[in-house]
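# A structural walkthrough
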Amino acid sequence: MSQQIKPPVVHLKNISKNFPGVRALHNVSFDVIEGEVHALLGENGAGKSTLIKVLSGVYQQEHGEILIDGNPCLLHTPHEAQRAGIATIYQELLLLPELTVAENVYLGHAPKTRWNTINWSELYSRAEDILSSLDAEDINVRNLVGTLSVGDRQRVEIAKALSQQARVLIMDEPTASLTETDVNRLFETIRLLKKNGVAIIFISHRLGEVFELADRVSILRDGGYVGTKKTSETNQGELISMMVGRTIDTLFPKTVRKAGKVVLELKNYERIPLTKKTNIKIHAGEIVGLSGLVGSGRTELAQTIFGITPATGGSLELNGESVNIQSPEKAKKLKIAYLPEDRSQQGLIQPMKILENISLPLLNEISPRGIINNKAEEQLAKKMINQFNIRSTGNEQIVELLSGGNQQKVVLAKWLATKPDLLILDEPTRGIDVGAKAEIHKLMDKLASEGIAILMISSELPEILGMSDRIFVMREGVIVAELNRNDATQEKVAEKMMGVEQQ
Amino acid sequence: MNNSLIIKKDTKSENTLQIFKTIIFNQEMVLLLSILFLLIVVGFINPRYVSNRNLISLFLGNAYIAVAAIGMSMVIISGNIDISVGSLIGVLATISGTIAEAGFPIWISWTIPLAIGMFINFVMGILVAYFRLPSIVVSLGFMSILKGGLIMFTGGAWISNLPDGYALSQLRPLGIPMPIYFMVILTTLTAYWMKMSPLGRSFYAVGGNSEAARLAGIQPKLTVLKVFILHGFFVGIASVLFSTQLSVIQSTVPPYLELTIITASVVGGVSILGGTGTVIGSTLAAVLLAAISSSMIFVNLSPFWLRSAQGLLILATVLADLYRRQRQLNK
């Protein structure tokens, strides 16, 4: 036989796709070979999702072709893509919580008996085989998926893909909602898949992960193809400038500020059993980072301060006055703002206009004599849209139609319109692209300079380290460490988070 | 190729097109055009359909449905539903008639139904908002209680000894029947209020995303309770308009009344998922439904077609709504 090089498992050639008025993809080429992890990078709206949808048969390209093992192939439906061996794991896992792990893995193609009923013993043993091939024997195939952690569910999704003989696995931001431990375990699984010759397309906003995991990385910008690099031959700075088309020299803006008077002081503040005896102080003009694993009580602490789950003990002083906050309404009146973790579930009224979302906390203020002052409302929204650089068709656009980063800016705008003294940010940049992220970081810095006290929760250590003046670390509902900006390192914070003590 | 054409579309003409599209695809406009279309087509087949007399009786007999649909629209916008509305109208109409027959002053027989309607909806609102029971279950329970109670107490007897001056709906200031005044004025005022008051806005916010509304300082439970009480007020008015239409009150629940009212809201553009819609839409839809029902007689169709027509209309509206949203999202 000749020395012919094996063609890539999937090769996209000059793909273009338009939506009315929008060029979603233009002349994009991309390929992935057996046993390779190929990362796909780009800001939100760069065309990553569209490309994935073309590859998984949800959309059809207008130009260009898809080659599978070197053969041109038409993927008209997700089912055809599946049959071609392409499986996609979306950000929102598509599992049925009321069914067992095994049933989920074999959903739609469960082994049958000759009476055409489900062969349960076969189903369980095959599911077990697949899970053990992923080194995931710890997951009981008879458990309901609803009882599993997010990390375990993700591994079930991977098993499901393998049960369909997937040779190409597309993972859309798989680590977005995982804890550090789960991320590590997921990476082990991915490396195992790689060794078995599965081709993996990996999408993530976290550059660190891309370097840790990927062999090659391709960058998209505004629907166009920018380039492909070997991860061993590039660096974070280069990738970022390829993504945004400019160099971001300082990733985290940092102005030297002087902390003012104490804005918030918690004394033995608690909400049993979620958080216990918290003692912290936050000053005006200070950004305080709150770090911890998911479930450590960091979000719960924020929600207790904001009155969503009122405290069961201890005291809270705001600007030196002891106050009792029983509801978000009360917190709002006391000039506290809370940007929630989940922007679509808690932050925005999706079917409403930008303008209506922004004015929501201020409805009574802009309604003298009980009638909304339209002019005041419009001016407020316009001012905020300009100040926050919210890219939209205007005041009247429905927020559902905005990109993630712009939605997040609407939530921020809404809360800053209330002119808070204390701003609590829960994962302010989760799931938004690098450009918007930098903008939000710059804004935070500016707000702190204006004298707002900021408490920021984040799962991203670089963000915590880069933005905070001081850092609190929480574990199991308790503050376990306070670190100064200068002493804090990723290792130190991570150790405290996970309870590993140095010898 | 024509791709470049799509992309490089001149923004000005696109804007004009956009405005044109917004007007045309606006639910209210679609309904208005449908009503006009129906009047012209059926009027052409049978001119008696568009005679003054028929049009007035068409409004007279259906205005109360539009009034009840105002309240229903608020309930649906807030993310809830009320399927007991038909039974409540039956009960309140009977109470109104009974009070009038017993010789109490007429204004009492006109206002007591409002108070009782608000009270009953207050109880439902408490169960929905504070006990977190799904509104469909609560109102299903109330539907049975009210319907059963009505038959138990009246035994199905008609009320016919109504005093002079009771028949509010039969008054005709300036030659226009009273119910039309109620329908037009209440719809206009409520539409303005829903758009311009903080409370009206909060109905939309709670229906759109109750949790986000709560975090923004709105109290969703209290808001839902207020929605139900207001709904009770409109149901009260609707029941009086209904009971004073004829010179007898039948002491029964008009069949399918709740479905007609809910249909008016949904066809009027109120999203069944909550958060969007207007009462102008629901009133126009109530008029359209009435016009369809009346047209069947004039073109010699069996009135049994009416139910099917209503059903098709609901499906068509929801499908059109879904299609529109999908297209917006895919942009």
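For every chain, the first residue of its written sequence is number 1, and the numbers climb from 1 along that sequence. Throughout, the order in which chains and ligands are written sets their labels, letters from A for the former and numbers from 1 for the latter. With the structure being a predicted model, the display of local features is reserved for residues of pLDDT at least 70 and the display and counting of side-chain atom pairs for 80 or more, all residues being used for whole-chain, interface and lining totals.

## What to know about the overall build of chain A
Each helix is a run of H or I in the DSSP string that is no shorter than four residues. Each strand is a run of E no shorter than two, and both are numbered from the N terminus. Per the secondary structure count, chain A includes 17 helices and 20 strands. On the principal axes, the C-alpha backbone points of chain A span a range of 80 × 50 × 50 Å. We call a residue exposed when 12 or fewer other C-beta atoms sit within 10 Å of its C-beta, buried when the count reaches 20 or more, and partly exposed for counts in between; the C-beta positions come from the backbone. Here chain A holds 503 residues, and the buried ones make up 46% of them. At a minimum sequence separation of 6, the contacts of chain A that also span at least 24 residues come to 68%. Whether two residues are in contact is decided by their C-beta atoms, placed from the backbone, lying within 7 Å.

## A short note on the overall build of chain B
Within chain B one finds 14 helices and 0 strands. When the helices and strands of chain B are read in sequence order from the N terminus, they spell out α-α-α-α-α-α-α-α-α-α-α-α-α-α. On C-alpha atoms alone, chain B measures out to a radius of gyration of 21 Å, which is about the 20 Å that the 2.2 N^0.38 rule sets for 331 residues. Overall size of chain B, expressed as C-alpha extent along the three principal axes, is 80 × 55 × 35 Å. When each of the 331 residues of chain B is scored for burial, the buried share is 44%. For chain B, the share of sequence-separated contacts (at least 6 apart) that also reach a separation of at least 24 residues comes to 79%. Based on C-alpha atoms, the radius of gyration is set beside the globule rule, defined as 2.2 Å times the residue count to the power 0.38.

## Quick look at the interface of chain B and chain A
Listed by partner, the interface residues are 26 residues for chain B and 29 residues for chain A. Listed by contribution, the elements that provide at least two residues to the side of chain B that touches chain A are helix 1 (2-7), helix 9 (198-208), helix 10 (210-215) and helix 14 (305-330) of chain B.

## Observations regarding the sheet that holds strand 16 (residues 336-339) of chain A
Residues and elements named next belong to chain A. The mixed open sheet is built from 6 strands, whose spatial order is 16-17-18-13-19-20. Looking along the sheet, the strands with just one partner apiece sit at the ends: strand 16 and strand 20 (478-484). Going across the sheet, the axis of each strand differs from the next one's by a mean of 20°, ignoring polarity. At least two bridges found by DSSP between two strands are what make those strands a pair. In this structure, strand 13 (residues 287-291) lies alongside strand 18 (residues 453-457), joined through 4 bridges in parallel fashion. In the strand pairing of strand 18, V288 is matched with L455. Interaxial angle, 0 to 180 degrees, is taken between N-to-C directions of lines fitted to C-alpha atoms, where a helix line uses only the stretch in contact. Each of strand 13, strand 19 (470-475) and strand 20 touches helix 17 (residues 490-498); the most contacted strand, strand 19, lies at about 25° to it.

## Some points on the pairing of strand 3 (residues 37-41) of chain A
Residues and elements named next belong to chain A. Most of strand 3 is tucked away, with 5 of its 5 residues classed as buried. Taking every second residue as pointing to the same face, both faces of strand 3 are buried, with V37, A39 and L41 on one and H38 and L40 on the other. Note that strand 3 and strand 8 (residues 199-203) share 4 bridges and pair parallel. From the neighbouring strand, L40 faces strand 8, where its bridge partner is I203. Summarising the sheet, strand 3 and strand 9 (residues 216-221) pair through 4 bridges and their orientation is parallel.

## Thoughts on the domain arrangement of chain A
The domain boundaries assigned to chain A delineate domain 1 (10-244), domain 2 (250-335 + 420-503) and domain 3 (347-418). Computed from C-alpha coordinates alone, the two centres of domain 1 of chain A and domain 3 of chain A are separated by 36 Å. Residue ranges assigned to the domains are those given by an automatic or database domain assignment.

## Digging into helix 14 (residues 404-416) of chain A
Residue and element names in this part refer to chain A. Over its 13 residues, helix 14 extends 18 Å from the first C-alpha to the last, a length consistent with the 18 Å expected when each residue adds 1.5 Å. Burial analysis of helix 14 places 12 of its 13 residues in the buried class, the great majority of the element. Contact partners of the buried residues in helix 14: strand 16, helix 11 (343-347), helix 12 (354-359), helix 13 (374-387), strand 17 (422-426) and helix 15 (434-449). To estimate the expected span of a helix, count its residues, drop one, and scale the result by 1.5 Å.

## Here's the deal with unusual backbone geometry
All names here are of chain A. A cis amide bond links I272 to the next residue, P273, at an omega of 0°. Mapped onto the fold, P273 is located in the loop between strand 11 (262-271) and strand 12 (275-283). The phi dihedral of N27 is positive, around 55°, even though this residue is not glycine. Its location among the elements puts N27 in strand 2 (residues 22-32).

## Some details on the nonpolar core
Nonpolar side chains in soluble globular proteins tend to end up buried together. Within the largest apolar cluster, 152 residues are counted, with the highest numbers of intra-cluster contacts made by A:I424, A:I454, B:V67, B:A68, B:I89 and B:A238. When residues of this core are assigned to their parent elements, the largest contribution, 15 residues, is made by helix 4 (residues 52-77) of chain B. Three or more residues apiece are contributed to this core by two domains, here domain 2 (250-335 + 420-503) and domain 3 (347-418) of chain A. With sequence-adjacent residues up to four places away left out, B:A238 is seen in contact with B:Y64, B:V67, B:A68 and B:I89. Each nonpolar core reported here comprises buried Ala, Val, Leu, Ile, Met, Phe, Trp, Tyr and Cys residues connected via C-beta atoms within 7 Å. In terms of nonpolar packing, the next biggest core, distinct from the first, is built from 68 residues, A:F30, A:L51, A:I200 and A:V210 among them.

## Re the sheet that holds strand 15 (residues 321-323) of chain A
All names here are of chain A. Here we have 4 strands laid out as an open sheet, ordered 12-11-14-15, and antiparallel in their pairing. Bordering the open sheet on either side are strand 12 and strand 15, each of which pairs with just one other strand. Looking at each pair of strands side by side, their axes are set apart by 20° on average, direction ignored. Summarising the sheet, strand 14 (residues 313-318) and strand 15 pair through 3 bridges and their orientation is antiparallel. Across the sheet, residue L318 finds its bridge partner in strand 15, namely E321. Along the sheet, helix 9 (residues 298-305) makes contact with strand 11, strand 12 and strand 14, crossing strand 12 at roughly 70°.

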